[in-house]
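# Results of the structural survey
Listed below are the residues making up each chain.
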Amino acid sequence: MSSVNLDQSLNSAATVHAADHHEEGEHRLFGFIVFLLSESVIFLSFFVGYIVYKTSATDWLPAGVEGLEVREPFINTIVLVSSSFVIYIAERYLHKENLWGFRAFWLLTMAMGSFFLYGQAVEWMGLDFGFTDGLFGGTFYLLTGFHGLHVLTGVLLQGIMLGRSFIPGNYDDGEVGVAATSLFWHFVDVIWIILFILIYVWQ
Amino acid sequence: MTEISLEALSPKREQPVPGEPENWRRFFSFSTDHKVIGIQYIVVAFVFFLIGGFLAMIIRGELITPEADLVDRTVYNALFTMHGTIMLFMWTFPVLNGLANYLVPLQIGARDMAFPRLNAVAFWMVPVFGVILMASFLVPGGPSQSGWWAYPPVSLQNPTGNLINGQFLWILAVALSGISSIMGAVNIVTTIIRMRAPGMTFFKMPVFCWAVMAAQTIQLFGLPALTAGAVMLLFDLSVGTSFFDPATGGDPVLYQHFFWFYSHPAVYVIILPVFGVFSELFPVYARKPLFGYKFVAVSSFVITGLSAIVWVHHMFASGTPGWMRMLFMASTMLISVPTGVKIFAWVATIWGGKIKLSTPMLFALGGLVNFLFAGITGIMLAAVPFDIHVNNTYFVVGHFHYVIYGAAVMGIYAAIYHWFPKMTGRMYYEGLGKLHFVLTFVGVNLNFLPMHPAGLMGMPRRVASYDPEFAYWNVLASLGGFLLGVSTLPFLLNMISSWILGEKAPANPWRAIGLEWLVSSPPPHENFAVIPTVVSEPYGYGKNEPLIASQMASTELTSELS
Ligand code: HEM
Ligand SMILES: [Cu+2]
């Protein structure tokens, strides 16, 4: 900066650095939203692929397969969708600086997410077609598997956030990590609703 | 893809590696300084450029005679596949990311990127997937032979039967490249939107930053589609699913849609930043404000939007129904409108200026000329009846090499020369630079112009042997190719010797306007001691207006700039 005579009255270096910290959190959340938007295009591509296959395939269901059972997946859907409300309540508690309330509802979200994963695993185990059984099998496992991976990631992220809530003073002025994780959870939820309609309702 | 979220959530920002800008060891460290990462990107990418170029020399050597006599046909297939893949995923994208990394924070008046650590991770993935791709030379069966687009069912053949085969490594490398690019795109877009210096509204932002933002937006919406296709291809190849394999009911054309939905826009990921470079350089070397600054800035985003709706022009001959051909023919031709706006603005900028033909300007002008030519052949290709005739011939190869070598690589050279003093604190040798320009410009035209007549005569692409009637054009092209090989030598010599021995560069050797030219060369750690407040557009050449608030007082600086 040697050659330029800078206006020192703009900002003192100290205030710049204090503001930096808060801003950085906001950058993270912004960046995370950008990332989620991008990620959603992968799902969109899979959905488009699914629709193309389903509307154009000559023999869609593999031999001996009648279709998909809807009852258990529907229960699973209810659990996952309601967990979006639960995680919201957890966030509200954090906002009101009630850490134990936050932890309780956060943990409940994790439990509901895990229940979903368990239900998915049980469903997979009971199916009489596999990943390589035609386009039906391929798209089914691809979509539910890729989504399930996201649910798993969500639960793991929630675990990390829960752990970090025990660091003293860590969540004093809100926490981007919590906001981002919860956003991710809503995202995973919305994707599931579309997926459920495409795969289970539209048979 | 989920590691990204973990990274983005990590609580503490690591301090950049300590050390003076003169400390060369930081280039070999996990530095989080955007300037170090920028140069790391550029250097690593250039190494891959040389490797990809070496493969091209063998290809041109094979094609100098009509017979397949130099290498085996399967080797030839592997060569052009690896050549294309390396040039796009390991040279062009990374080198442009390097330029963006280096320049964007400086140009918008930020101390670093929004996520310095994510930045470093994204960079270090480049050598990793580069090595993975290179490793495919060592596996049984050799590298993938299905071309850079990896169309099934060709890409699903697995003659060796191994799980780890050339195509498998290819998909892995491309997928990792995609993840790295998404990390980079999230970072760059966040940086530009949220970290501009006070006073720098979007319409006071340099066009290079506009162009980079438009290009990275493409990565964000396009790459996931390619990733989806690549994942499905990988399962087909290694698990035996039937997504794209027609033998088991799959749909190979769907893969083409996934591929081109990204890979057409990807050509704008390449060319938009190069347009940005042109827009930065012409005003400096013509000493005139950028003509129609706002139009040039916005047209990048118009191109981004349009680029998403033209991909089927690569599939006119893929059994595409007539109505689709018509639609995509029309949308493709529309792209020439915003592109034309830019070309018009550049010509108007140069027109009547005090032109200084130094190396960066020569490369920029040469790039512009080549781009004009490529744009014309592009519009020709967009016309369905013509394209059906030349699809999969050397005409297409000629078209895209004019853009990618003639315009993009020459624009990248222009940028490297222009910002070399800023990056290294040294001046390059003008004579060697001019020699490099002449060799490159002549080489490009000698190599790629003859491909057009050969293609029009019907010479198919991706063949090791051809009808002797095409021999004349191929000999010319090969000579041009070897000339291009030679052209990298003066460049390398110039870069290395100037970096070590060159004359020390002042802060602003070109009397250019822009925040990056207000700081020392090379810029200090964290760029700006005090973040400047921007008060005007960045192209006030000859206008005698201050760029930042503190210059209002110091008039001797502004008059020096005009
Ligand atoms: C005015 C702008 C442009 C138009 C109208 C245009 C049009 C086309 C068309 C119609 C094709 C398909 C030809 C075929 O396969 O039969 C094509 C191929 C291609 N274009 Fe362009 N193009 C333009 C600009 C660009 C730019 C800026 C780039 C790169 C930076 C580019 C890179 C390519 C590549 C790589 C291919 C061939 C891909 C392959 O088949 O391997 N084009 N172009
Ligand atoms: Cu295209």
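Scroll up to find the structure.
This text gives an overview of the structure that appears in the document.

Our focus in this paragraph is the coordination of the iron atom of ligand 1. Tetrahedral coordination by four donors sets the ideal angle at the metal to 109.5 degrees; octahedral coordination by six donors sets it to 90 or 180 degrees. Just one protein atom coordinates the iron atom of ligand 1, and that atom is B:H399 (NE2), at 2.1 Å. In this structure, B:H399 sits in helix 13 (residues 394-424).

Turning next to the nonpolar core. Ranked by internal contacts, the top residues of the largest apolar core, which has 236 residues, are A:W106, B:W91, B:F244 and B:I271. Setting aside anything within four residues of it in sequence, one finds B:W91 in contact with B:A45, B:F46, B:F49, B:I86, B:V409 and B:I412.

Further remarks concern the side chain of B:S279. All names here are of chain B. Within the secondary structure, S279 is located in helix 7 (residues 252-286). Here W346 takes part through its side chain, which lies 3.0 Å from a polar atom of the side chain of S279. Once residues lying within four places of it in the same chain are set aside, the contact partners of S279 are V207, L290, V296, W346 and Y539.

Moving on to the packing of helix 3 (residues 73-108) of chain B against helix 13 of chain B. Residue and element names in this part refer to chain B. It is at 11 Å that the axes of helix 3 and helix 13 come closest, and there the two elements cross at 35°. Pair helix 3 / helix 13 crosses with left-handed handedness. On helix 13, the residues touching Y76, H83, L88, W91, V95, L96, L99, Y102, L103 and Q107 of helix 3 are Y394, H401, I404, V409, I412, A415, W419, K422 and M423. Residues belonging to the contact of helix 3 with helix 13 are distributed by class as follows: 15 nonpolar, three polar and one charged.

With an omega of 5°, the peptide bond running from B:P152 to B:P153 counts as cis. Counting through the fold element by element, B:P153 comes out in the loop between helix 4 (116-135) and helix 5 (166-194). The omega torsion of the bond from B:S521 to B:P522 falls at -10°, within 30 degrees of zero and hence cis. Take B:P522: it is sitting in the loop between helix 16 (471-501) and helix 17 (555-561). For A:E97, which is not glycine, the phi dihedral falls at a positive 60°. Take A:E97: it is sitting in the loop between helix 2 (71-95) and helix 3 (99-126). The backbone of B:N527 sits at a positive phi, close to 65°, despite the residue not being glycine. Judged by its relative accessible area of 0%, B:N527 falls in the buried class.

So, about the coordination of the copper ion (ligand 2). Residue and element names in this part refer to chain B. Taken together, H264 (ND1), H313 (NE2) and H314 (NE2) make up the full set of protein donors to the copper ion (ligand 2), lying 1.8 to 2.0 Å away. Spacing between the donor residues of the copper ion (ligand 2) along the chain follows H-x48-H-H. Between the two metal centres, the copper ion (ligand 2) and the iron atom of ligand 1, the spacing is 4.5 Å. Placement of H264 in helix 7 and of H314 in the loop between helix 8 (293-307) and helix 9 (322-334) is noted, with a sequence separation of 50 residues between them. Residue H264 is classed as buried on the basis of its relative accessible area, which comes to 4%.

Conventions and cut-offs
Residues numbered from 1 in each chain as written. Chains lettered and ligands numbered in written order. Predicted model: local features only at pLDDT ≥ 70, side-chain atom pairs only at ≥ 80, totals over all residues. Heavy atoms only, no water. Donors = N, O, S within 2.8 Å, 3.2 Å for Na, K, Ca; no water. Helix = DSSP H or I, 4+ residues; strand = E, 2+ residues; numbered from the N terminus. Core = buried A, V, L, I, M, F, W, Y, C linked by side-chain atoms within 4.5 Å. Buried < 20%, exposed > 50% of the residue type's maximum accessible area, 1.4 Å probe, protein only. Contact = heavy atoms within 4.5 Å. Polar contact = N/O pair within 3.5 Å; in protein donor to acceptor, adjacent residues only side chain to side chain. Axes fitted to C-alpha atoms, helices over the stretch in contact; angles between N-to-C directions. Left-handed = near helix turned anticlockwise from the far one by under 90°. Nonpolar A, V, L, I, M, F, W, Y, C, P; charged D, E, K, R; others polar.

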